[in-house]
Amino acid sequence: MSAVTATRAITIPRGASTIERASIRLAAAMTGWATRRAERRGDRRERMLAAVKEQQTRKNDSRATDHLLSQMGLPRR
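Please read these numbers as outputs of a predicted model, since none were measured by experiment.

Quick notes on the rules
Residues numbered from 1 in each chain as written. Predicted model: local features only at pLDDT ≥ 70, side-chain atom pairs only at ≥ 80, totals over all residues. Heavy atoms only, no water. Helix = DSSP H or I, 4+ residues; strand = E, 2+ residues; numbered from the N terminus. Buried < 20%, exposed > 50% of the residue type's maximum accessible area, 1.4 Å probe, protein only. Areas by Shrake-Rupley, 256 points an atom, 1.4 Å probe, with all protein chains shown as cover. Patch = residues over 30% accessible without salt bridge, like charges linked within 9 Å, V, L, I, M, F, W, Y side chains within 5 Å. Salt bridge = Lys/Arg side-chain N within 4 Å of Asp/Glu carboxyl O. Lys, Arg positive; Asp, Glu negative; His and termini not counted. Charge placed at Lys NZ, Arg CZ, Asp CG, Glu CD.

Undergrad: Got a minute to help me understand the overall build of the protein chain in this structure?
TA: Along the backbone of the protein chain there are two helices and zero strands. Buried residues in the protein chain amount to 5% of all 77 residues. For the protein chain, the computed accessible surface area is about 7300 Å², with 57% contributed by carbon and sulfur atoms.

Undergrad: For this particular structure, what's the right way to read a positive patch on the surface?
TA: A cluster of basic residues, R36, R37, R40, R41, R44 and R47, forms a positive patch on the protein surface. Mapped onto the elements of the fold, R44 is located in helix α1 (residues 18–59).

If you want it as structure tokens, here you go:
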């Protein structure tokens, strides 16, 4: 997960109209939504990179190939 956290509380100034209060709350909600979405996208990207790296590592591991060949009773490479 990301290190970004929302630590700032919404402060609505005194004397703000109904539309101003609503727009401040809407902006805070949209900011939270966008932050969570970006964090999820980053987490998903990290997981995908890890999976690709694992696949590439597995594919190029010659010891694993030799082990599988020996289990099947075939001569090693």
